[in-house]
Amino acid sequence: MTMPAAIEAVREAFVGLAAEEFELPARQAFSDSRSLVMAAHHLPTRSTAVKVISIEIERDPVITGTVVYSHPDGQFVTEAVSLTSLRTGAVVGVATDLLADEDASHLALLGAGGQAADQIRAVHAVRPLKTLVVYNRNVKKAEALLEDLKDELPDTVMDVATDADEAVERADIVCCATASTVPLFRCGSLKERVHVNAIGSYRPVMRELPEELLATAGVVVVDQVEAALSEAGEIIRAVQSGVLRLESLVELGAALGNPPLREGRTVFKSVGVAVQDWAVARLLA
C-alpha cells in the first residue's frame, strides 16, 4: 500500500467519525498501557476492526500484535506492527496537509524508532521535502534511518542533529515520535510559523511538547478530545494547569470540515484511535 492511499483512507475515516458513522469505544489499556485493545465499528458498511497490541519500549520491535477486520462477507487478519506505523504516519500526513504552509519543505524529526520512517514518508507525500534533519539520542540510529531512506528521497538534503533545539530551529514542520516523559525542545527554538506533530506519548506520564507551545499555538488539533484527555500527557497537563482551554481543542474530523487558519504555530497531537486501524485494514482487505 502506498502512503498517499493510506493518507486518503484515514482522511475519509476522520470525516466519517465527525459525521457519526462510527461506534468508537474508549481504548482498553492494561498493565500500565503495555497491552492495548482498540475497536471501531463502521455503521454504513457494518464492518469492524479490532487491534490487540503489546508495547514494550525496550523491545525491538516495540509493538507486536494483530488486527482483525471483520465485514459481512468475511474476515481479514494481519499483523499490527506495519499497519500501526502506516496508519500513524497517515494521520500525520492528513494533519500536515491541513495545517502546514503549502510551501513547507523542511522537516525536523525527533526520534528514529519504529514509527520514524513512516512519519517522514507521510510528510513527504503532502509536502515534498527539500531538507530533512533527524535528532535521536542514539546518533547511529538516526544515521541508519537516513541511510535507509536515501533512495526514497534522492532530492532531499539530509542531516543528523546532535541537539533537539538545534534540529527544530529552521524547520517548517516538526514531527515528534519518542517515548519521552519531558518536553523535547524549548518553544523559543521554533520559528514563529511552524507546524508541529506529536505522536509518541500515549500515557499521562509521557510528554513531548513544551507547555508554552500549547498555550500559545494558533490552533491545537487532536485526533479525539476524549482520547487526548485520558492519554496525552502534554494535553492533560496543559488543561489541568489552565494554560490550554478545553473548549479550544479541535478534533481532526471537525477541522477537516472547517479548516482552521494557518497562523503562527499549529499543533497536532495524536494518541491514535481505532478508526485509523479500520481505514488501513479495510484497504488491505
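The notes below deal with the structure included here. (Residues numbered from 1 in each chain as written. Predicted model: local features only at pLDDT ≥ 70, side-chain atom pairs only at ≥ 80, totals over all residues. Heavy atoms only, no water.)

Another aspect to go through is the overall build of the protein. Each helix and strand counted, the protein has ten helices and 14 strands in total. In terms of overall dimensions, the protein is globule-like: its C-alpha atoms have a radius of gyration of 18 Å, near the 19 Å expected for 285 residues. Overall, the C-alpha framework of the protein stretches about 50 × 45 × 40 Å when taken along its three principal axes. Every one of the 285 residues in the protein was classed for burial, and the buried ones make up 54%. (Helix = DSSP H or I, 4+ residues; strand = E, 2+ residues; numbered from the N terminus. Rg over C-alpha atoms; globule rule 2.2 N^0.38 Å. Buried < 20%, exposed > 50% of the residue type's maximum accessible area, 1.4 Å probe, protein only.)

Judged by pairing direction, the sheet is parallel, and its eight strands sit side by side in the order β9-β8-β7-β10-β11-β14-β12-β13 without closing on themselves. Across the chains shown, the open sheet's two edge strands, defined by having one partner strand only, are β9 (157-161) and β13 (250-251). On top of the sheet, helix α2 (residues 80-99) reaches β10 (173-176), β11 (194-198), β12 (219-222) and β14 (265-269); it is set at about 160 degrees to β11, its chief contact. (Pairing = 2+ DSSP bridges. Contact = heavy atoms within 4.5 Å. Axes fitted to C-alpha atoms, helices over the stretch in contact; angles between N-to-C directions.)

Moving on, we get to the packing of aromatic side chains. In this description, a pair of aromatic rings is defined by centroid distance and the angle of the planes. All chains considered together, the criterion is met by one aromatic pair. Their ring planes at 85 degrees and their centres at 4.9 Å tell us that Phe-22 and Trp-278 sit as a pair that is edge-to-face. One end of the pair, Phe-22, is in strand β1 (residues 22-23); the other, Trp-278, is in helix α10 (residues 274-284), with 256 residues separating them in the sequence. When its relative accessible area of 10% is taken as the criterion, Phe-22 is described as buried. (Phe/Tyr/Trp six-rings, centres within 6.5 Å; stacked < 30°, edge-to-face > 60°.)

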